[in-house]
Amino acid sequence: MSRLLSEMTREQIRQVAPEALAVLPVASIEQHGPHLPIFTDLLLCETVARAAVESLTEPANVVLAPALCFGNSHHHRPFPGVLSLTSATFMQAVTEIVEGLVHSGFRKILLFNGHGGNTHPLGVIGLDLVNRLGHPISVATVDYWNIARSALTEQGLIADPLLPGHAGHFETSMVMALRPDLVDLDALNALAESFEPADRIFNPLMGAVVFTHGVWAAGPGATDNPASANAEFGQECLDVLVQHTASLLATYSEGA
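Everything quoted here is computed from the prediction, not taken from an experiment.

(A) The overall build of the chain, seen in detail. In terms of helices and strands, the chain carries nine helices and six strands. Computed over C-alpha atoms, the radius of gyration of the chain comes to 18 Å, within 12% of the 18 Å expected from 2.2 N^0.38 for 256 residues, which places it in the range of a compact globule. If you line up the chain on its principal axes, its C-alpha atoms span 55 × 35 × 35 Å. Scored against the burial criterion, the 256 residues of the chain give a buried share of 49%. Contacts spanning at least 24 positions in sequence make up 76% of the contacts within the chain whose residues lie at least 6 apart.

(B) Spatial organisation of the pairing of strand S4 (residues 138-143). By the bridge criterion, six bridges tie strand S3 (residues 108-113) to S4 in an arrangement that is parallel. Across the sheet, residue Phe112 finds its bridge partner in S4, namely Val142. Between the parallel elements S3 and S4, the chain passes through helix H4 (residues 119-132) in a crossover that is right-handed.

(C) Examining the pattern of salt bridges more closely. All chains considered together, the criterion is met by five salt bridges. Among the salt bridges present, the one from Arg132 reaches Asp128, with a minimum N-O distance of 3.4 Å. Pair noted here: Arg132 and Asp128 are both in helix H4, with a separation of four residues, about one helical turn. On the basis of relative accessibility, which here comes to 59%, the residue Arg132 falls in the exposed class. Given the relative accessible area of 22%, Asp128 is considered partly exposed. Among the charged side chains, a network of salt bridges with common partners joins Arg10, Glu11 and Arg14.

(D) Fine view of helix H2 (residues 40-55). Its 16 residues place the ends of H2 22 Å apart at the C-alpha level, agreeing with the 22 Å of an ideal helix rising 1.5 Å per residue. In this fold, the buried residues of H2 make contact with strand S1 (21-26), strand S2 (62-64), S3, helix H5 (144-147), helix H7 (169-178) and helix H9 (231-254).

(E) Geometry of the state of the cysteines. Under the definition given, this model contains zero disulfides. With no disulfide partner, Cys45 has as its closest neighbouring cysteine sulfur the one in Cys69, 11 Å distant. Judged by its relative accessible area of 1%, Cys45 is buried. Cysteine Cys237 is unpaired, with the sulfur of Cys45 as its nearest cysteine sulfur at 16 Å.

(F) Region of the structure containing H7. In terms of burial, H7 is largely enclosed, as eight of its ten residues are buried. For H7, the complete set of buried residues consists of His169, Phe170, Glu171, Thr172, Ser173, Met174, Val175 and Met176. Here the buried face of H7 lies against H2, H5, helix H6 (149-154), helix H8 (185-194) and H9.

Rules behind the numbers
Residues numbered from 1 in each chain as written. Predicted model: local features only at pLDDT ≥ 70, side-chain atom pairs only at ≥ 80, totals over all residues. Heavy atoms only, no water. Helix = DSSP H or I, 4+ residues; strand = E, 2+ residues; numbered from the N terminus. Rg over C-alpha atoms; globule rule 2.2 N^0.38 Å. Buried < 20%, exposed > 50% of the residue type's maximum accessible area, 1.4 Å probe, protein only. Contact = heavy atoms within 4.5 Å. Pairing = 2+ DSSP bridges. Right-handed = clockwise from strand over helix to strand, strands pointing away. Salt bridge = Lys/Arg side-chain N within 4 Å of Asp/Glu carboxyl O. Expected span 1.5 Å × (residues − 1). Disulfide = S-S within 2.5 Å.

So, in structure tokens, the structure goes:
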């Protein structure tokens, strides 16, 4: 039987759902500098999730739902190609999709996130589904890069404060590994030569998260210089991400 929910019949879903973990990738469609496609977050999130699910050995009981491609991305709106949902709409959409999974019989759900703007809303969604709405389920939320953050830094693949960044070395390298045809090398080289990051896009303040109006519009649309991005590095990162995601799926599907 397929592990892709989209390829299953309703009766196959009815059979497996009560004991299965449903994984819902959630991403965004937004600008990724002048050099990367606007579906970068969707490409990376969905690729890692699918590869991890497919790597699991039987009888792992994990089902991959179709990804929600649109996310909470209004902060990128100074640039073209940003197809964003408002926070309220995004949260309602994810909630209703999860409720569809619940009504289909799933009792354990992982919201697998590929975009930083979704992180805080997804946490609230998880709390509401279980507590305010009272669904008899278990919900986990995770950013795909945080699953392997320690491993990536310990292996010297990336410096922790820059993980994952936006349209920089990390993301550009992984898109190069997956879809090199979609990387505009002329735009990449021009950006690399003239790169000047905007101030305080990510501004930690004694443990607080600071959001400042206008910082994205003032910069190049990337958080760090992608000059040294390469497919080999991207594949190394993807391998680590898939390995650790598969471990999470196996542990969560078998545990509480």
